[in-house]
Amino acid sequence: MQLRTGDMKDRGRGDEIIALQSAESGMQLGRALLHALHNAGISVLYQDREMKTVWARNMRPPWISDTGISDPGDGHGILPLAQVERIGAAKRKVVASGNPEHLELSIPADDGVRWFQIWVDADHDDGGAVQGIVTTMVETTEQKRREQTLKTLLREVSHRSKNLLAIIQSIATQTSRYSDTLSDFLTRFRGRLQSLASSQDLVTSSNWRGAALRELVSGQVGRYGADPVRSLRFRGANPYLNPNAALHIGLAMHELAVNSVSYGALSRADGFVEVTADLTAASAGETALALTWTEAIGANDNQPSEKRFGSVALERVVPASLNGTAKLEISGDRLEYHLVVPRGNFETD
C-alpha cells in the first residue's frame, strides 16, 4: 500500500494535534491537582536521595517560613528538634529500604497543638532503584479536636449515667421501704422514674449543661394534669441548674406536686402553689439559692401523719445531694418547703 504525500502531511498534522491535546490535558490535570491539594490542605515535597528539594507544592506553615521552604527534617524550619529527627530518620529509612513510612506529629502552636499525618514514599526509577522520596503532609488538627471532644463527652455520659443509676437505686430502695404493697411500690416508683426522665430530658437538650429552674418546676407541676399557667405562681430568680441539681430539685418538685395533687392545693379546682426563688448571701460571701414552695392545704385536706419517702427525700436526700439544707413545715392550713442550695449547683449568667 502506498501513501501519498498529502496523506503523510495530514498524518503529521494529526500527530501534532494529538501531542498538543495530550500536553494540554497534562497541564489541565496539573492545575486540577494543584487545586485539589490546596482545597484539601495537603502539602507535597519531592527530594532526591541526598534530601535536596527538587520541587514542592502547596507548602504551608510549619513547612514554610519567612525565609522559604523548610524541609520537614533538615532542622532549619520551625519544628521542634525531636520531630525533625523523627522525620529525618523516616526519610533515611525509605531511601535505604524503598518501603513507605507513616508518622503522626503534634506540634506546639499559639492556640494549642497542631496535628499532622505524614507519609514518606519512595520514587522508584524504571529499574526499581530509589531515585527520590515524596513527603506528603496533611493537617488533622480539627479531626483530633473532634476526637478529643467525643472522648470527653463519652466520659461525661458514662459518669452521669453512673450517677443516674445510683439515684435510681436509692429511690428504689427508699420507695420499697415506705411501700405497703407491690402495687403501691410500682405506682410510686414509676412516677419517680418519670420525674427523673423529665428532668433528664431538659439536661440532655441543653448538651448536658443543665436546666433552667422555672422550666424545671413548670414541667414537674404540669406532669400531673395541672395547668402550670393557672396552678403555679413562680416568682423570683431563674438560675441555670447544673445536671445534678436539676435531677434532685426536679425530684423534690415531683414529691411536692404529687403530695399536692393527692392531699393539697392542686387537689382542688381553684388551688395553686407558689414557688419563689431568691438569691441570697451565704457564708464566705458566696450566693445561695433559696427555693420555697408554699401552698394552702385547707382544713379538709388530710395530710398523711407518718413519715413517707416523700418527706424523707425532701428533708434528707435532696439537700444532702446538693450540700444544702431543707425544712418541710405543715402547720394549720399551710404547707411550706424551704430548700437552700449553695452556689456550686447553679449559675446566674
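Here, the structure is the one placed above.
Keep in mind that what you see is a predicted model, and the values were worked out from it rather than measured.

Now for the side chain of K144. Considering the arrangement of structural elements, one finds K144 in helix α3 (residues 141-177). Judged by its relative accessible area of 17%, K144 falls in the buried class. Of note is the side chain of K144, whose polar atom sits 3.4 Å from the side chain of E104. Sequence-distant contacts of K144, that is, excluding residues within four places in its chain, are made with E104 and W115.

Strand order in the open sheet formed by five strands is β9-β11-β12-β14-β13, and the pairing between neighbours is mixed. Each edge of the sheet is formed by a strand with only one pairing partner; in this case those strands are β9 (232-236) and β13 (325-331). Mean inter-strand twist for the sheet, computed between neighbouring axes without regard to direction, equals 15°. Across five bridges, β9 lies against strand β11 (residues 273-281) in parallel orientation. When the bridges of β11 are listed, L232 appears paired with V273. Across the face of the sheet, helix α5 (residues 213-222) comes into contact with β9, β11 and β12 (287-296) while running at roughly 165° to β9.

Scoring rules and cut-offs
Residues numbered from 1 in each chain as written. Predicted model: local features only at pLDDT ≥ 70, side-chain atom pairs only at ≥ 80, totals over all residues. Heavy atoms only, no water. Helix = DSSP H or I, 4+ residues; strand = E, 2+ residues; numbered from the N terminus. Buried < 20%, exposed > 50% of the residue type's maximum accessible area, 1.4 Å probe, protein only. Polar contact = N/O pair within 3.5 Å; in protein donor to acceptor, adjacent residues only side chain to side chain. Contact = heavy atoms within 4.5 Å. Pairing = 2+ DSSP bridges. Axes fitted to C-alpha atoms, helices over the stretch in contact; angles between N-to-C directions.

From the geometry alone we can't say anything about function, so treat these as descriptive.
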